[in-house]
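A structural walkthrough
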Amino acid sequence: MGFISIEACIVFLIGFLLPLMFIYGWLYYPEHFEFMGLIEWLGVAFVPIITYFCARLIDH
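Worth saying up front: this structure is predicted, and the values here are computed from it rather than measured. (Residues numbered from 1 in each chain as written. Predicted model: local features only at pLDDT ≥ 70, side-chain atom pairs only at ≥ 80, totals over all residues. Heavy atoms only, no water.)

1. Observations regarding the overall build of the chain
On a plain count of helices and strands, the chain comes out with two helices and zero strands. Principal-axis analysis of the C-alpha atoms places the extent of the chain at approximately 40 × 20 × 15 Å. Put simply, the chain has 60 residues, and 23% of those count as buried. For the chain, the proportion of contacts with a sequence separation of at least 24, taken over those separated by at least 6, is 72%. Counting only carbon and sulfur atoms, one obtains 78% of the accessible surface of the chain, whose full area is about 4,700 Å². (Helix = DSSP H or I, 4+ residues; strand = E, 2+ residues; numbered from the N terminus. Buried < 20%, exposed > 50% of the residue type's maximum accessible area, 1.4 Å probe, protein only. Contact = heavy atoms within 4.5 Å. Areas by Shrake-Rupley, 256 points an atom, 1.4 Å probe, with all protein chains shown as cover.)

Pasting the structure below:
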């Protein structure tokens, strides 16, 4: 990805691990995710994109 600082790499990795945790929970514990609607899933989908831009801003 071309990040210069360690902080940017950490922000980027956290942003991509969060949706993976939600997908893991959804696959193995679907009864706990019945409350999640479209807005919540869109938020989970946009977290990696937002954290990528934040990591780029940290390096800038």
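From this point, the narrative continues.
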